[in-house]
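# Geometric and topological summary
One-letter residues, chain by chain:
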Amino acid sequence: MFLSNIDQVLNLMSWVFVASSEYTLDELGDLVYPNPSFEQLITKKMDGTLEVDGHPLCIVQMTAFKCGGFAMGLQTNHTTFDGTSIKYLLQNLAALAGDKPLAVAPCNDRSLLAARSPPLVTFPHPELLELKIPIGQEGESDQNSNDKAKAGPTNGKGKITGFNVVSALVWRCKALSNTENQEVDDDSLERSSTMLFAVDIRPKLNPPLPNSFTGNAVLTAYAKASCKTLEEAPLSELVDMVTEGVARMNDDYVRSAIDWGELYKGFPHGEFLMSSWWRLGFDQVEYPWGKPKYCCPLVYHRKDIILLFPDIDESNAGVNVLVALPHKEMAKFQDHFY
């Protein structure tokens, strides 16, 4: 459907709230520094009067500052929009705000990611946790699936990226800072650590998903090693493990993971999740009034999620790492990091 103005789009896709602030943007201070007060710029939930099925797909809060600047806070569900889909959403809003055609014609064909019939799990999936035994899948059929299961393609011949390198370093620091075992001994070093991270599966499938696929086209990849390996191995070896995790996500593995989800209704399971906003490009969307000054996730203090996000200075190619840990664990993390 083609709509003539942005108000129509917002009315269809979301609920919009308008707020004002007595501050200027400059008075907010460093926009990159984690600021819990930014929570006031987001409407997290409705008033409870709506039924579950009646909740909007997206809630937008527009907050005006006395300097003339404003913040646009979005609350969405990841099952509806992954990071790439949100960028498409913002690009289309920017286009409509400028009386231009849609920047991206979204592909909403969810059948492209449907499970096969019957589902066929051909790989073990240690990155997923089973909730229950599927009805009708116990016994012989389940055993046959396990007998056929393969370890997956892990030759490590993937592209080494900045994300792989940063994630490998953070993985080492996070695993070795875990104080579940206060005394560092051989047993604690043999403890395994699993880092989870999201992979865009649009280009991984055969045939690939359309670039304009809008929905949740990410799956959880993983890298796993003992704490002893994480402590003693060179960083390059850990980078290879992360790279293997990405390379593992080919068409066969992705289809197996989708079918696994159809059978077991489980969820990702690991020591922590590395969530990257580093190169999503939200801050590069060109609105009629210019590009955003900064884009960032709402900060929440969870030790099982680590965030990567870019610097406010476009000339700085570095990355910010947001880690929330108890004091003793943070001290260990910093020791290993530096």
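Our structure is the block above this text.
Now for a quick tour of the structure. (Residues numbered from 1 in each chain as written. Predicted model: local features only at pLDDT ≥ 70, side-chain atom pairs only at ≥ 80, totals over all residues. Heavy atoms only, no water.)

### A few points about the pattern of salt bridges
- Inspection of every chain in the model, using the stated rule, returns 10 salt bridges.
- Lys293 is the partner of Asp26 in a salt bridge, and the nearest nitrogen-oxygen pair spans 3.7 Å. Taken together, the residues span a long stretch of sequence, with Asp26 in the loop between strand 1 (14-20) and strand 2 (58-64) and Lys293 in the loop between strand 8 (272-276) and strand 9 (305-310) at a distance of 267 residues.
- For Asp26, a relative accessible area of 63% corresponds to the exposed category.
- Measuring nitrogen to oxygen at the nearest pair gives 2.6 Å for the salt bridge that ties Asp259 to Arg116. With a gap of 143 residues between them, Asp259 in helix 8 (residues 251-264) and Arg116 in the loop between helix 2 (83-97) and strand 4 (128-129) connect regions that are remote in the sequence.
- Residue Arg116 is classed as partly exposed on the basis of its relative accessible area of 33%. (Salt bridge = Lys/Arg side-chain N within 4 Å of Asp/Glu carboxyl O. Helix = DSSP H or I, 4+ residues; strand = E, 2+ residues; numbered from the N terminus. Buried < 20%, exposed > 50% of the residue type's maximum accessible area, 1.4 Å probe, protein only.)

### As for the side chain of Thr220
- Tracing the chain through its elements places Thr220 in strand 6 (residues 218-226).
- Exposure remark for Thr220: the relative accessible area of 16% places this residue in the buried category.
- In this structure Thr220 touches Glu127, Leu196, Phe197, Met249 and Pro268, once residues within four positions along its chain are discounted. (Contact = heavy atoms within 4.5 Å.)

### Focus: the packing of helix 4 (residues 162-177) against helix 7 (residues 235-247)
- The contact between helix 4 and helix 7 brings their axes to 8 Å, and the two run at 115 degrees. Remark: the crossing between helix 4 and helix 7 carries right-handed chirality. Packed against helix 4, whose contacting residues are Asn164, Val165, Ala168, Leu169, Trp171 and Arg172, the element helix 7 presents Leu235, Leu238, Val239, Met241, Val242, Thr243 and Val246 at the interface.
- Here the residues of the contact of helix 4 with helix 7 are counted per class, giving 10 nonpolar, 2 polar and 1 charged. (Axes fitted to C-alpha atoms, helices over the stretch in contact; angles between N-to-C directions. Left-handed = near helix turned anticlockwise from the far one by under 90°. Nonpolar A, V, L, I, M, F, W, Y, C, P; charged D, E, K, R; others polar.)

### So, a nonpolar patch on the surface
- Among the surface-exposed residues, Phe70, Met72 and Trp289 lie close enough to one another that they form a single nonpolar patch of about 320 Å² accessible area.
- By secondary structure assignment, the location of Phe70 is in strand 3 (residues 70-76).
- Overall, the relative accessible area of 36% leaves Phe70 in the partly exposed class. (Patch = residues over 30% accessible without salt bridge, like charges linked within 9 Å, V, L, I, M, F, W, Y side chains within 5 Å. Areas by Shrake-Rupley, 256 points an atom, 1.4 Å probe, with all protein chains shown as cover.)

### Focus on helix 7
- Here helix 7 is 13 residues long and its end C-alpha atoms lie 18 Å apart, about the 18 Å a rise of 1.5 Å per residue gives.
- All of the buried residues along helix 7 are Leu238, Val239, Met241, Val242, Thr243 and Gly245.
- Where the residues of helix 7 are buried, they touch helix 4, strand 5 (192-200), strand 6 and helix 6 (227-232). (Expected span 1.5 Å × (residues − 1).)

### What to know about the packing of aromatic side chains
- If you walk through the whole model with that rule in mind, you get 8 aromatic pairs.
- Here Tyr287 and Trp289 contribute two aromatic rings whose centre-to-centre distance is 5.3 Å and whose plane-to-plane angle is 10 degrees, an arrangement assigned as stacked.
- Looking at Tyr287, the relative accessible area reads 9%, which means it is buried.
- The exposure class of Trp289 is exposed, given its relative accessible area of 54%. (Phe/Tyr/Trp six-rings, centres within 6.5 Å; stacked < 30°, edge-to-face > 60°.)

### Considerations on empty space enclosed by the protein
- In total, this model carries 1 cavity of 30 Å³ or more according to the counting rule given.
- Residue composition of the lining of the largest cavity, grouped by class: 10 nonpolar, 1 polar and no charged. (1 Å grid on protein atoms, 1.4 Å probe; cavity = no way out; pocket = protein on both sides within 12 Å on 5 of 7 lines; lining within 4 Å. Points joined across faces, edges and corners; volume = space filled by probe spheres on them.)

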